[in-house]
Amino acid sequence: MISQPAALASWEPYLRLFPDADFVAALAPLAQRLDAALGPMRTRDRVDEGDPDGFSDIGRRGPYDRLLLSEWLLADEAPDEFLRRAAMGEHGFLQLARRTRTGGRVSFALFDAGPSQIGGPRIAHLALLIVLARRAEAAKARFRWAILQKPDQEPTVGLTESSIRALLLARTSLPPTAEMWDKWRERAAAQSDVDDFWAIGGERLARFAAHDGAASVLVRDELGLEANEISTHIHRPGRADAHVQLPLPADALCARLLRDPFAAAVAAPTRARPNMAPASNLLFTPGGGKLIARAQGGGLIAYPVPNSPRSGPGYPKVYQHPSRQTILAAGRTGKAYVIVTRPTPDALLISCLGGKNGNVAAGGYPLEAKYQETINTGPESPLLPCFAEPHANPEGSRLIIALPRNSAGPRRLSIAHLHRDGKGAAYVSQRYSNGVFLAARGARDRIIYGLEAPNGWSVAIVGSERTPHEITGRPDAQSQGLFEGYGADLVDERSVLIAAHVGNEEWTALTRDGMIALRSWPDFRVVGVIAQRGNPLPALVLLEPGARRLRVQGPNQSHALPFTNAPIEHVTVSHAAAIIAYSTTDGEVFIYSLEHQAILYQLTPNGSDS
């Protein structure tokens, strides 16, 4: 349970439903603002409607069958006085006691789950659900709510974990209609105990509510480049309208709150045939939506990357290539997967699978003799990325590919440009032929290279006017070199996060604002670098001794991923989200989200343990 500050003590029974302190910190100020605008629930005592329940008091008014016995005694002994008291209204009568019923016995909220309320407005819905539940309890009333687009469904009672999940999962493509509204109003009118009725949603629902004199909350997403807030307009019959702006938390936190507010979702394993296990290392496509690897028996396999553990897991897809040659490099441009093979020693072949070629000129590209011996085409060579060159002329389309080198040092590669001129002639030219450790594609078509330099490392951004960034270090033949990963708030929109090995357990991360020192642990192997939104410091991704678990380790965080059944063989970090993918020696594939702190996807080939 999360301890709340004194100002939130009265909210504790409602906020403690959320196990994550970040969720509580995000929702509490929104709920407080809305609570102040809505005000307390109005109730009225209906003292004349309850059933009789004895006598409660003595009064000066009432029927004479409830006149006090002492008054009747006065009528016998002093009739003149009795008449005087009657004329002056001084007689005493027994007052009936009645079972008191409260006017606001049920507070009812109707939520619009249509297209206009997708995204940010759902955060406002969640805050309003908390506010209305607390408000009803303070008035000793019951709270019920329902989804406008489900007029035949029974209302949900109260605020629980399951009811919150139901609200967040109630998305629909149906906009509000007058028929939906009329059905709910008829149901509410048939229940005399519903006195507090709220319509919560977009402009169409607000118009229906205003026409019938019902209270409403109009929720709108503020559109704009800088806007990151929700606008709410509160209408209450007989009271002044109120307008409240709700600042939204960070995008990543909003996504987690909407997709998995209780951090309990775990992706169910996808069972697949053994040939769905990867036959190489793993690569994320530039947008981060797919994870690719060489397929068993040739071709390329693409694994889906879900948005949350609750998303459908999907099934991998294999793209076969007729030649069944080893794929040297692969990537995605447009809707096509671009692969690079070497059918003969003196040529490279570019093929597009699964879609249009995305302005990539497929076909053969001759290799000059001086390049032929430098390329490692063995099945043990790593699968490397390829990208369409930024701002290339479609008529003379260009492709940038990373190729595995025949080199004694680990992770060395070379960079080649493939292009055709307007006459169709094909050319291969090597841009960097030695000391290259990484090639990645950032946003806005920026290609990032990490190179060995005389005094350390050099990071060059193609398509940028910036000069290369120099990182001092001591590279040697066995150096782990450079890693790229998701930079979150630490890099600008054109780049990715880079970490460079500078000696022993010392690493340096290159960020937008400068260098940040990182340190690995003895006997742990660095396999990547990553950052999270809201955290000002990056972290290394480490493989523990024994290779059964990964750990995210930084100056202000330490997070261990789940253990695997078999040793981890390949690891890669997305540069589009805080996601790590890894595969094991028995063919299992895992995709793990740091934002959700949960496995998004798990593929288990048949015959492997789950």
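Above: the structure in question.
None of these values were measured; they are calculated from a predicted model. (Residues numbered from 1 in each chain as written. Predicted model: local features only at pLDDT ≥ 70, side-chain atom pairs only at ≥ 80, totals over all residues. Heavy atoms only, no water.)

Peer 1: I keep staring at the pairing of strand β3 (residues 106-111) and nothing clicks. Help me out?
Peer 2: A regular strand carries its side chains on alternate faces of the sheet. The buried fraction of β3 amounts to six of the six residues, a majority that puts the element mostly inside the structure. Here β3 shows no split at all, with Val 106, Phe 108 and Leu 110 on one side and Ser 107, Ala 109 and Phe 111 on the other all buried. In this structure, β3 lies alongside strand β4 (residues 142-147), joined through six bridges in parallel fashion. Its bridge partner being in β4, Leu 110 is matched across the sheet by Ala 146. Chirality of the crossover, the property in question, places the unit of β3, helix α5 (residues 120-138) and β4 among those that are right-handed. Pairing of β3 with strand β6 (residues 194-201) involves six bridges; the strand directions are parallel. Bridged to Val 106 within β6 is Val 194. (Buried < 20%, exposed > 50% of the residue type's maximum accessible area, 1.4 Å probe, protein only. Helix = DSSP H or I, 4+ residues; strand = E, 2+ residues; numbered from the N terminus. Pairing = 2+ DSSP bridges. Right-handed = clockwise from strand over helix to strand, strands pointing away.)

Peer 1: I'm lost on the sheet that holds strand β27 (residues 497-503) in this one. Help?
Peer 2: Sheet strands pair via backbone hydrogen bonds, and the direction of the pair is either parallel or antiparallel. An order of β26-β27-β28-β29 is seen for the four strands of this open sheet, with the pairing classed as antiparallel. Strand pairing shows two members of the sheet lacking a second neighbour, β26 (482-485) and β29 (514-519), which therefore form its edges. Averaged over all pairs of adjacent strands, the angle between their axes in this sheet comes to 25 degrees, without regard to strand direction. In terms of strand pairing, β26 meets β27 through four bridges, oriented antiparallel. Within β27, the position partnered with Gly 485 by the bridge is Leu 497. (Axes fitted to C-alpha atoms, helices over the stretch in contact; angles between N-to-C directions.)

Peer 1: What should I look at first to understand the pairing of strand β16 (residues 336-344) in this one?
Peer 2: Extensive coverage of β16 is indicated by the burial of seven of its nine residues. Pairing geometry for strand β15 (residues 329-333) and β16, over five bridges, is antiparallel. In the sheet register, Ala 329 faces β16, and the bridge partner there is Val 340. In this antiparallel pair of consecutive strands, β15 and β16, the connection spans two residues, and Gly 334 shows a positive phi of 65 degrees. Summarising the sheet, β16 and strand β17 (residues 347-353) pair through six bridges and their orientation is antiparallel. Each residue of the ladder has a partner; that of Thr 344, found in β17, is Ala 347. Here β16 folds back onto β17 in antiparallel fashion, the turn holding two residues.

Peer 1: Looking at this model, I keep getting lost on the sheet that holds strand β37 (residues 598-605). Mind explaining?
Peer 2: Taken in spatial order, the five strands of this open sheet run β10-β37-β36-β35-β34, and their pairing is mixed. Because the sheet does not close on itself, it has two edges, and the strands there are β10 (270-272) and β34 (568-573). Along the sheet, successive strands turn relative to each other by an average axial angle of 15 degrees, direction set aside. One ladder, built from three bridges, connects β10 with β37; its direction is parallel. Within β37, the residue paired with Ala 272 across the bridge is Pro 605.

Peer 1: Help me understand the side chain of Thr 270 in this model?
Peer 2: When you line up the elements, Thr 270 lands in strand β10. The class of Thr 270 is buried, set by a relative accessible area of 7%. With residues near it in sequence (within four places) discarded, Thr 270 still touches Pro 313, Gly 314, Tyr 315, Tyr 601, Gln 602, Leu 603 and Thr 604. (Contact = heavy atoms within 4.5 Å.)

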